[in-house]
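Next come the chains, spelled out residue by residue.
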Amino acid sequence: MRVIALLMAAGRGSRFGADVPKQYLPLFGRPVLRHAAEALLADGGVDALLPVVPEGEAEAVSALLAGLPCLPPVTGGATRQESVRRGLESLAADPPRIVLVHDAARPVVPRGTVAALLGALAAEVPQDLMGAIPAQPVSDTLKVGAGGRVLRTVPRAGLYRAQTPQAFRYAALLDAHRAAREEATDDAALLEAAGLQVALLPGSESNLKVTYPEDLARAEAALLPRYLPAMGTGFDVHRLVEGRPLVLCGLTIPHPLGLDGHSDADVGLHALCDAIYGALAEGDIGRHFPPSEAEWKDADSARFLRHAAGRVAARGGIITHTDVTLICERPKIGPHADAMRARLAELMGIAVDRVSVKATTTERLGFTGRGEGIAAQAAATLLLPA
Ligand SMILES: Nc1ccn([C@@H]2O[C@H](COP(=O)(O)OP(=O)(O)OP(=O)(O)O)[C@@H](O)[C@H]2O)c(=O)n1
Ligand SMILES: C[C@](O)(CO)[C@H](O)COP(=O)(O)O
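Residues numbered from 1 in each chain as written. Chains lettered and ligands numbered in written order. Predicted model: local features only at pLDDT ≥ 70, side-chain atom pairs only at ≥ 80, totals over all residues. Heavy atoms only, no water.

A. View of the UniProt feature "site: Transition state stabilizer" (unreviewed entry) in the chain. Following the UniProt record, the feature "site: Transition state stabilizer" (unreviewed entry) maps to Arg 15, Lys 22, His 262 and Thr 361 here. In summary, the annotated positions, distributed over 347 residues, remain apart in three dimensions as well, the widest C-alpha pair reaching 53.4 Å. Note on placement: Lys 22 falls in the loop between β1 (3-8) and β2 (26-27). Other than its neighbours up to four places away in sequence, Lys 22 contacts Gly 13, Phe 16, Val 32, Ala 105, Val 210 and Thr 211. (UniProt positions renumbered as here; feature names shortened; annotations may be inferred. Helix = DSSP H or I, 4+ residues; strand = E, 2+ residues; numbered from the N terminus. Contact = heavy atoms within 4.5 Å.)

B. Region of interest: the pattern of salt bridges. By the definition in use, this model includes 22 salt bridges. We note a salt bridge from Arg 106 to Asp 103, for which the minimum N-O separation is 3.1 Å. In terms of burial, Arg 106 and Asp 103 fall into one category: buried. When the shortest N-O distance is used, the salt bridge between Asp 298 and Lys 297 registers 3.6 Å. Put simply, Glu 82, Arg 85, Arg 86, Glu 89 and Arg 178 are held in one network by salt bridges that share partners. (Salt bridge = Lys/Arg side-chain N within 4 Å of Asp/Glu carboxyl O. Buried < 20%, exposed > 50% of the residue type's maximum accessible area, 1.4 Å probe, protein only.)

C. Focus on the site of ligand 2. The immediate surroundings of ligand 2 are formed by Arg 15, Arg 80, Asp 103, Arg 106, Ala 162, Thr 164, Thr 185, Asp 186 and Lys 209. One nitrogen or oxygen atom from the side chain of Arg 15 is found 3.0 Å from an oxygen atom belonging to ligand 2. Contact distances for ligand 2 include 2.8 Å between an oxygen atom and a side-chain N or O atom of Arg 106. Compared with its free state, where it exposes 360 Å², ligand 2 has 74% of that area covered by protein. Per-class residue counts for the shell around ligand 2 are 1 nonpolar, 2 polar and 6 charged. (Near = heavy atom within 4 Å. Polar contact = N/O pair within 3.5 Å; in protein donor to acceptor, adjacent residues only side chain to side chain. Areas by Shrake-Rupley, 256 points an atom, 1.4 Å probe, with all protein chains shown as cover. Nonpolar A, V, L, I, M, F, W, Y, C, P; charged D, E, K, R; others polar.)

D. The arrangement of the sheet that holds strand β19 (residues 373-385) in detail. Read from one edge of the open sheet, 5 strands run β16-β13-β19-β17-β18, paired in mixed fashion. Every interior strand has two partners, whereas the edge strands, β16 (257-259) and β18 (355-360), have only one. On average, each strand axis in the sheet is tilted by 20 degrees relative to the strand beside it, whichever way the strands run. Of the strand pairs in this sheet, strand β17 (residues 318-327) and β18 are connected by 6 bridges, and their pairing is parallel. Within β18, the residue paired with Thr 325 across the bridge is Lys 358. Of the strands in this sheet, β13 (227-242), β16, β17 and β19 are in contact with helix α8 (residues 267-280), which crosses β19 at around 30 degrees. (Pairing = 2+ DSSP bridges. Axes fitted to C-alpha atoms, helices over the stretch in contact; angles between N-to-C directions.)

E. Quick look at a nonpolar patch on the surface. A cluster of nonpolar side chains, contributed by Phe 235, Val 237 and Phe 367, occupies part of the molecular surface with about 260 Å² of accessible area. Structurally, the position occupied by Phe 367 is in helix α12 (residues 366-369). Classification of Phe 367 by relative accessible area gives partly exposed; the value is 32%. (Patch = residues over 30% accessible without salt bridge, like charges linked within 9 Å, V, L, I, M, F, W, Y side chains within 5 Å.)

F. Quick peek at the packing of helix α3 (residues 80-89) against helix α5 (residues 170-179). Following both chains from N to C, one finds α3 and α5 inclined at 130 degrees, their axes separated by 10 Å at the closest point. Comparing the axis directions of α3 and α5 gives the class oblique. Where α3 crosses over α5, the handedness of that crossing is left-handed. Within the contact between the two elements, α3 uses Gln 81, Val 84, Arg 85, Leu 88 and Glu 89 and α5 uses Tyr 170, Leu 173, Leu 174, His 177 and Arg 178. Grouping the constituent residues of the contact of α3 with α5 by class yields 5 nonpolar, 2 polar and 3 charged. (Parallel < 35°, antiparallel > 145°, perpendicular 65-115°, else oblique. Left-handed = near helix turned anticlockwise from the far one by under 90°.)

G. Structural detail: the domain arrangement of the chain. Structurally, the chain comprises domain 1 (3-212) and domain 2 (226-385). Domain 1 and domain 2 are separated by 45 Å when their C-alpha centres are compared. Among the residues of domain 1 in contact with domain 2, Phe 28, Arg 30 and Arg 111 are the three that bury the most area, contributing 71% of the side total. Between domain 1 and domain 2 we count 0 salt bridges in total. Across the domain 1-domain 2 interface, the total number found is 1 residue pair in polar contact (both at pLDDT 80 or more). Here the residues of the side of domain 1 that touches domain 2 are counted per class, giving 4 nonpolar, 2 polar and 2 charged. (Domains from an automatic or database assignment. Buried area = accessible area lost by both parts, 1.4 Å probe.)

H. Fine view of the UniProt feature "binding site: a divalent metal cation" (unreviewed entry) in the chain. Taking the UniProt record as the reference, the feature "binding site: a divalent metal cation" (unreviewed entry) is found at Asp 236, His 238 and His 270. A compact arrangement is adopted by the annotated residues: their sequence extent is 35 residues, whereas the largest C-alpha distance between any two is 10.2 Å. If you trace the backbone, His 238 turns up in strand β13. If we skip the residues at most four places from it in the chain, His 238 touches Leu 259, Asp 260, Gly 261, Ala 265, Val 267, His 270, Gly 373 and Ile 374. Looking at His 238, its side chain comes within polar contact range of the side chain of His 270, at 3.5 Å. Turning to its location among the elements, His 270 is positioned in helix α8.

I. Geometry of the site of ligand 1. Inspection of the region around ligand 1 gives 19 residues, with Met 8, Gly 13, Ser 14, Arg 15 and Ser 83 positioned closest. At 2.7 Å from a nitrogen atom of ligand 1 is found a side-chain nitrogen or oxygen belonging to Ser 83. Interatomic distance of 3.2 Å between a backbone N/O atom of Ala 105 and an oxygen atom of ligand 1. When the free accessible area of ligand 1 is taken as 550 Å², the share hidden by the protein chains comes to 88%. Per-class residue counts for the shell around ligand 1 are 6 nonpolar, 7 polar and 6 charged.

Shown next, in the form of structure tokens:
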């Protein structure tokens, strides 16, 4: 049974009102539509996704969905219904048995939803079932209103709020779309209009559609139980010598001495990399970039931090906060701290208000007190998929 899931991402998000369509905005550092796509695949049973995207954005959406089983994106239309129809038509030459239609703006599909929908359509009895949808019973009292006044109350018994993903026999849904004369707000409505049977399955309050700005925080709250916090620490020391530039937290700082080492010896950045690798339980910087390898001689350590942040992304996680403490008498770090924070934030791809750089002396005690070297310690917190 070939199953294709249409990922509806061709909307402009006008009610949300951001500079970019809401489906591209980050939730825990990853685009809303990426969460939606992964949720469609999590139960198994879906062979490929078919992204339906705004005109000219196929390449950008493909990049956001990299690594997932996807058919080439199809350009959507002016309405959701038109976008779905275009997606369905693109499959006509090699028709699947079943299609799922899902809003890319719904990033929190509970586990088991897709399996339940496919199970309903796979069941032998009733054989007349053409679709299955998740829906929540209405729990508030419903009013009809106009001009700021209540006109009357609508009985809520038997009323449901329809969600996506919705599953359909492909041929039935394509026929319903081709025959449609009026605009429907979901796909099941087109089958209902044709007198076809659609099963009602339990939905979930967490399966919200990001529509207004406040919905992003609600979606993050709903996703949070799927993550576990992780924490790592790092420590590094390099000797101060003549004839080398002083590179600290990604910046070259004017100073008569520089740090000695195999790479550019950026002690702050190395400690931070170790904190991130530590939180991932993926060893340390020396494991990823061995000092025995000539390739890393005098290397710009920015590359190491980009790698560490890339490992977090590859594990499906995000860096939540980092904190670096530089330990030295000279140079004074305060005047450079904000520029260092900005550079580290840029390298890790996170907001600067989640990045701290501070400094301390050791009261002229020890090797840092005597100005023989600089030490750094760092901590990083991550969220990783549970
Ligand atoms: N022409 C359209 C309109 C909507 N959608 C998709 O259908 C889903 C549900 O639509 P909605 O929440 O209304 O999204 P927008 O149309 O983007 O929002 P708005 O109505 O506020 O502009 C979204 O994932 C959206 O990208 C689509 O593929 N093609
Ligand atoms: C398809 C849908 O998500 C089901 O609840 C909903 O109808 C989409 O409505 P919108 O007005 O296009 O957001």
